[in-house]
Amino acid sequence: MARYKDSVCRLCRRAGMKLFLKGDRCLGDKCSFDKRSFPPGQHGAARTRGKVSEYGTQLREKQKARWVYGVLEKQFRIYYGDAARKKGVKGENLFRALELRLDNVVFRSSFADSRSQARQLVVHNHVTVNGRKVNRPSFSVRKGDVIQIKEKSKKIENILQCAEKGKARGLPEWLDVDLADLQTRVVELPTQVDIQLNIDAQQIVELYSK
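Only a predicted model underlies this, so the values are computations on that prediction, with no experimental measurement involved.

Q: Quick question: what am I supposed to make of the pairing of strand β5 (residues 183–186) here?
A: Remark: a regular strand shows side chains that alternate across the two faces of the sheet. Of the two faces of β5, only the one carrying Thr184 and Val186 is buried; Gln183 and Arg185 on the other face are not. Looking at chain direction, strand β3 (residues 146–149) and β5 are connected through 3 bridges and run antiparallel. Note on β5: the bridge partner recorded for Gln148 is Gln183. By the bridge criterion, 4 bridges tie strand β4 (residues 175–178) to β5 in an arrangement that is antiparallel. For Leu175, the partnering residue across the bridge sits in β5 and is Val186.

Shown next as structure tokens:
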């Protein structure tokens with residue numbers, strides 16, 4: 001499957017904001033965005049000048065959402081199409097679907113330091129949903145589902161370290177997380193308030209509505 005393989009720090013610089021794609025590294029002194037916040041490329045600094053068009057603003061918001069959740073363009077269009085067909089606010093439907101991806105739930109439960117790390121845990125068969133092995137990061141969980149780190153994987157040092165940091169970091173209210181047992185249950189569907197991303201969903205809706 002196609003996957004972005006370049007430096008993810010370039011994506012933060014392209015977005016003009018921290019997307020926290022590398023977990024705690026983004027909070028430390030090694031974050032490249034703090035050192036070079038201008039766009040990547042030979043003439044990156046020059047490209048910060050000038051006014052961004054309406055289309056450019058809408059495109060940037062869409063790209064930020066794609067990069068944060070690690071979703072390719074074709075996948076993102078499918079998510080939007082499904083969100084547009086459902087009742088309710090399109091933007092909220094879109095981000096709810098993205099939040100309910102299995103890799104995102106593993107990350108939000110503090111079993112991983114980043115969404116890419118959570119995706120790796122899922123692909124490598126370290127995660128179960130309702131007691132059954134699921135190795136598809138895009139798997140959509142539902143209200144009431146129980147997501148758990150497999151018994152054999154609970155001794156992995158990296159997972160234990162992430163769970164320990166999760167106690168101080170805080171956990172979303174729509175998840176009932178048991179960090180001691182490395183288990184989480186979806187108690188509510190996430191709302192726009194729960195998502196807490198600096199991304200304008202309405203700009204994405206307007207982009208795809210043209």
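The rest of the description comes next.
Q: Which parts of the structure should I look at to understand helix α5 (residues 90–99)?
A: One full turn of an α-helix is made of 3.6 residues, so residues set three or four places apart face in the same direction. With 8 of 10 residues buried, α5 is to be regarded as a mostly interior element. Every buried residue of α5 is listed here: Gly91, Asn93, Leu94, Phe95, Arg96, Ala97, Leu98 and Glu99. On its buried side, α5 packs onto α3 (54–69), α4 (73–85), α6 (102–108), α7 (115–123), α9 (192–195) and α10 (201–208).

Q: In this structure, what is going on with unusual backbone geometry? I would like to understand it.
A: Excluding glycine, residues mostly have negative phi values, and the peptide bonds linking residues are mostly trans. Within the chain, Ser110 stands out as a residue other than glycine whose phi angle is a positive 65 degrees. Assignment of secondary structure puts Ser110 in the loop between α6 and α7. You can call Ser110 buried: its relative accessible area is 1%. Here the phi dihedral of Asn130 falls at roughly 55 degrees; this positive angle occurs in a residue that is not glycine. By secondary structure assignment, the location of Asn130 is in the loop between β1 (127–129) and β2 (132–133).

Q: Would you mind showing me how to read the packing of aromatic side chains here?
A: The geometry of two aromatic rings is summed up by the distance between their centres and the angle between their planes. For the structure on display, the rule yields 3 aromatic pairs. Here the aromatic rings of Tyr80 and Tyr208 are separated by 4.8 Å at their centres, their planes lie at 25 degrees, and the arrangement is stacked. Note that Tyr80 is positioned in helix α4 and Tyr208 in helix α10, a separation of 128 residues in sequence. Pairwise contacts between aromatic rings join Phe76, Tyr80 and Tyr208 into one cluster. Sitting above the plane of the Tyr69 ring, Arg115 keeps its charged end 4.9 Å from the centroid.

Analysis parameters
Residues numbered from 1 in each chain as written. Predicted model: local features only at pLDDT ≥ 70, side-chain atom pairs only at ≥ 80, totals over all residues. Heavy atoms only, no water. Buried < 20%, exposed > 50% of the residue type's maximum accessible area, 1.4 Å probe, protein only. Helix = DSSP H or I, 4+ residues; strand = E, 2+ residues; numbered from the N terminus. Pairing = 2+ DSSP bridges. Contact = heavy atoms within 4.5 Å. Phe/Tyr/Trp six-rings, centres within 6.5 Å; stacked < 30°, edge-to-face > 60°. Lys NZ or Arg CZ within 6 Å of the ring centre and 35° of its normal.

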